[in-house]
Structures are given as C-alpha cells and as structure tokens.
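Structural overview for review
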Amino acid sequence: MNEVRSIGRHASADEAMAILEEDGAVIYRQVVDDEAIDRVNAELEPFLSRAYYGEGEFWGNKTKRVSSLVAKSKTYGEELAACPQILGVMDRLLLPRCERYQLHVTQAVRIGPGQGLQIIHRDDALMPFRHPGPQCLCNTMWALTDFTIENGATNVVLGSHVWDDDTYPDDDTPRAHAVMPRGSCLIYLGSVYHGGGRNNTEDEWRTGAITGYSLGWLRQEENQYLAVPPAVARDLREDVRHLIGYHLHDIFLGWVEGHDPHIVLEDRYRDVMPAVSEGGEYVDDSTIFKTAVLGESSRH
C-alpha cells in the first residue's frame, strides 16, 4: 500500500514544503526524542484513561478524544505545538497571508481495536473558502505511539488539496497511510482529504495528537482562550502564550482595553484602564496597540 512520504528530523522547511505542495502531506520522522513523548503521554494519560468513547462514524465508537492539550500538558505545548521544525513550515505556508499565525485546534485521539475507517473529510471545510485556493489552515498529527497500517495510521488522499469543491473521493480512491514511529509528525494541509485509519489489531491502541495552525485573523476552531485561560497561560513559556493567541495580530486585532492581550497575564492588569478617551486616535508614538510596551518578543 502507498505511504505518505517522509523526511528526516533535520530536513529543511523547504524540503517539507516541496512535498506538501505536491502531495498535500508530509511526515517529519522522529522530530522529537522519546523522552519528550514519554512526558507528553504521562501528562495526558490521566485524561485519556477516563475519556468517553465517541459516537458515530466521524467521532468513532471505539475512539477516545481529549482536547485543551496545552492546558493539560506543558510538555506538549513547549515541545510539540512549538516545535521549531513544524513552525518553520508554518512560516512558509501561512505567514504570506497574515502578520502571525495561531494555534487552531489541539486534540489527542486514541483509536482502539476494532475501530473502522473515519469518514473522509477536509479540515478547512468549516471555513467559507472555495477550493482550490490559498491555505487558511494546516493541521499536524503527532505520533504518541507508533502508527502502522494495522493499528489505524491516518489515511490521506494525496493530491486532493488541489481538487475543486465538486470533487469528492469515493471508496475506490487510493489512500496513502501515515506510517511513522512515535515522535514523528504528519503535516497535512487543511484542504487535503484524510481520515483516521481502521484499527485491525486485537489489543493495540493508536494514540496521536492533532495540532492545527491557522491564519491569525481567523476564528480558531478550538477556543484557546477558554481552553487555556489566563490562570493557566501565565505559567507557559512566552512563545507558547503568543501561539495560543495572547498577542496582537498586526496593530488592531485582538486587543484588550487598547493593549496587547498579553497584558491580561501580567500582575498590573487590574490597574489597566482604557488607554484613550472616546474619539482618541492612534499615533506612531503612542504606547497603545504596541507589543513594545511588554518588551521584545518573538513573532510566534
């Protein structure tokens, strides 16, 4: 059977982009070490172990799902969601259409023995854009366990990211399998058709972590401000907080009382009042709408 093409952990973002543009998906093999995956699994296990099974063909009757991963696993946020290799690809894919991109969705997915194929779908179908066209979001699937054909490796319809909205895969459409060892990451465009694989094993659970990114001016699929509220975000690394959305997009989108939203994580937030009176205007030397009031920071 076909498999999604893969590259090594030190491969460049340009190499990944070349395959993404052609196939709509690519795998970074073992891009993080086993130790990091062990910590993520340990931090998520208390939640996955007591999660309920889904309902229906899409959610999976023998599949468990847990979201709000940044709040549940600090290692996930810092080692996986903010992985430099993955962000390097997002820089090339999404930054041409926005000032900064953001974390779009997080979800751990554990496929159990006997689970059938998930309904094939596009992740960007929830956005009102026509296909084909520029990418508005891109998702990734981290292998928290080995992904094999037998245990339900994600299926991808390679090349479907260039299909129009009237073209849909059927049962005879070839699918490639995202076969990869734990610590690897599948990157797949929001416009590529894909779905969870069939788990034909008797006792093997396939666990992965969906991590999506989208243009900074789009509504996030998962409400990150509720999933990771200020009390939790305050203890995260700054670049992870920015990735969640605690940062202005350009100079006007996402402010709080005229300030960068990052200010809600500061002790002085209770003293913040509207920065200008009604009818005030933004000027170049103003401190409102400027990330500079919070110090130097990275783009993400």
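Residues numbered from 1 in each chain as written. Predicted model: local features only at pLDDT ≥ 70, side-chain atom pairs only at ≥ 80, totals over all residues. Heavy atoms only, no water.

Let's talk about the packing of aromatic side chains
Note the following rule: When two rings of Phe, Tyr or Trp (its six-membered ring) have centres within 6.5 Å they constitute a pair, described as stacked for plane angles under 30 degrees, edge-to-face for angles over 60, and tilted for the intermediate range. In DSSP terms, a helix is any run of H or I states spanning at least four residues, a strand is any run of E spanning at least two, and both are numbered starting from the N terminus. To sort residues, take the accessible area from a 1.4 Å probe on protein chains only and compare it with the maximum for the residue type: under 20% means buried, over 50% means exposed, and anything in between is partly exposed. Definition used: whenever NZ (Lys) or CZ (Arg) falls within 6 Å of the ring centre and also within 35 degrees of the ring normal, the charge is taken to sit over that ring.
The full count for this structure, using the stated rule, is six aromatic pairs. Note on Y168 and Y193: the rings are 5.3 Å apart at their centroids and 80° apart in plane angle, and the pair reads as edge-to-face. Residue Y168 is found in the loop between strand 6 (155-156) and strand 7 (176-177), and its partner Y193 is found in the loop between strand 8 (185-189) and strand 9 (194-195); the two are separated by 25 residues along the sequence. For Y193, a relative accessible area of 7% corresponds to the buried category. Members of the aromatic cluster, connected to one another through ring pairs, are W163, Y168 and Y193. Sitting above the plane of the Y53 ring, K64 keeps its charged end 5.6 Å from the centroid. Geometry around F47 places K72 over its ring, the cationic atom sitting 5.2 Å from the centre.

Quick word on a nonpolar patch on the surface
Defined as follows: Only residues whose relative accessible area exceeds 30% and that take part in no salt bridge are eligible for patches, with like-charged residues grouped when within 9 Å of each other and nonpolar side chains (Val, Leu, Ile, Met, Phe, Trp, Tyr) grouped when within 5 Å. Shrake-Rupley sampling with a 1.4 Å probe provides the accessible areas, and residues are treated as covered by the protein chains on show and by no other component. By definition, a salt bridge exists where a carboxyl oxygen of Asp or Glu is found within 4 Å of a side-chain nitrogen of Lys or Arg.
A cluster of nonpolar side chains, F129, W217 and L253, forms an exposed patch at the surface whose accessible area comes to about 280 Å². Among the secondary structure elements, F129 is positioned in the loop between strand 4 (101-111) and strand 5 (137-143). Judged by relative accessible area, F129 falls into the partly exposed class, the value being 33%.

Quick word on the sheet that holds strand 7
Put simply, the test is: When DSSP finds two or more bridges between two strands, those strands count as paired.
Ordered by their spatial adjacency, three strands build an open sheet running 7-6-9, and the pairing between neighbours is antiparallel. Only two strands of the sheet have a single neighbouring strand rather than two, namely strand 7 and strand 9. Both strand 6 and strand 7 contribute to a ladder of two bridges, which runs antiparallel. Across the sheet, N155 pairs through a bridge with H177, a residue of strand 7.

Considering the state of the cysteines
As used in these notes, a disulfide is a covalent bond between sulfur atoms, one from each of two cysteines. Inclusion rule: Two cysteine sulfurs form what is called a disulfide whenever their separation falls within 2.5 Å.
Evaluation of the coordinates by the stated rule reveals zero disulfides. No disulfide involves C185; its sulfur sits 7.0 Å from that of C83, the nearest cysteine. What makes C185 buried here is its relative accessible area of 0%.

Considering unusual backbone geometry
Residue P132 is bonded to the preceding H131 through a cis peptide linkage, with omega at -5°. Mapped onto the elements of the fold, P132 is located in the loop between strand 4 and strand 5. The residue Q30 is not glycine, and still its phi comes out positive at about 40°. Note that Q30 resides in the loop between strand 2 (25-28) and helix 2 (34-48). Q30 gets classed as partly exposed once you look at its relative accessible area, which sits at 41%.

Digging into the pattern of salt bridges
Following the criterion strictly, the structure yields 11 salt bridges and no others. Among the ionic pairs, R92 bridges to D14, the shortest N-O distance being 2.9 Å. Here the residue R92 occupies a position in helix 6 (residues 84-94), and D14 occupies one in helix 1 (residues 13-23), the gap between them amounting to 78 residues. A salt bridge links D239 to R237, with the shortest nitrogen-to-oxygen separation between them at 2.7 Å. Linked through salt bridges whose partners overlap, the residues forming this network are R5, E22 and D23.

Describing the confidence of the model for the protein chain
Atomic detail in the predicted coordinates should be set aside for any region of low pLDDT. Convention followed: Known as pLDDT, the predictor's per-residue confidence is scaled from 0 to 100. Any two residues whose heavy atoms approach within 4.5 Å are treated as being in contact.
Summing up the model confidence of the protein chain, the mean pLDDT is 90 and the portion of residues at 70 or higher is 89%. Note that residues 276-283 has pLDDT below 50 and, in this model, six contacts with residues that lie over four places away or in other chains. When the criterion is pLDDT under 50, residues 288-300 qualifies, and its contacts beyond four places in sequence or with other chains add up to 41 contacts.

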